[in-house]
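# Structural characterization, general
One-letter residues, chain by chain:
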Amino acid sequence: MLEDYFKTLFDTYFSRVRNYIFYRCGDTELATDIAQETFLRIWEKDLHPEKNKEKALLFKIAGDIFISSYRKK
């Protein structure tokens, strides 16, 4: 059941998260890496966002990862 939920979440939002980060940085490779890291965190922490709040959580996590990577550079 969890795997089905995660697959649906990934299929629905992966390209949106990647496009959001690409808009902020202009680097396709970095945007893809951050999008993957975002979904990895959702999976590892076993998060189950409320209905209609998934997008906000994903974009928040992705934005935080982007800012963190930007600061490291």
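In this text, all values refer to a predicted model and were calculated from it rather than measured experimentally.

## Structural notes on the pattern of salt bridges
Within this structure, the stated rule accounts for three salt bridges. As a salt-bridge pair, E37 and R41 come within 3.4 Å of each other at their nearest N and O atoms. Taken together, the residues span about one helical turn, with E37 and R41 both in helix α2 (residues 28–44) at a distance of four residues. Of the residues examined, E37 reaches a relative accessible area of 29% and is grouped as partly exposed.

## Focus on the packing of helix α1 (residues 2–25) against helix α3 (residues 54–72)
As a packed pair, α1 and α3 sit with axes 10 Å apart at the nearest point and diverge in direction by 45 degrees. With respect to α3, the element α1 is oriented oblique. α1 and α3 meet at a crossing whose hand is right-handed. The segment α1 lies against α3, with Y5, L9, Y13, R16, V17, Y20, I21, R24 and C25 engaging E54, K55, L58, F59, A62, G63, F66 and I67.

Calculation rules
- Residues numbered from 1 in each chain as written.
- Predicted model: local features only at pLDDT ≥ 70, side-chain atom pairs only at ≥ 80, totals over all residues.
- Heavy atoms only, no water.
- Salt bridge = Lys/Arg side-chain N within 4 Å of Asp/Glu carboxyl O.
- Helix = DSSP H or I, 4+ residues; strand = E, 2+ residues; numbered from the N terminus.
- Buried < 20%, exposed > 50% of the residue type's maximum accessible area, 1.4 Å probe, protein only.
- Axes fitted to C-alpha atoms, helices over the stretch in contact; angles between N-to-C directions.
- Parallel < 35°, antiparallel > 145°, perpendicular 65-115°, else oblique.
- Left-handed = near helix turned anticlockwise from the far one by under 90°.
- Contact = heavy atoms within 4.5 Å.

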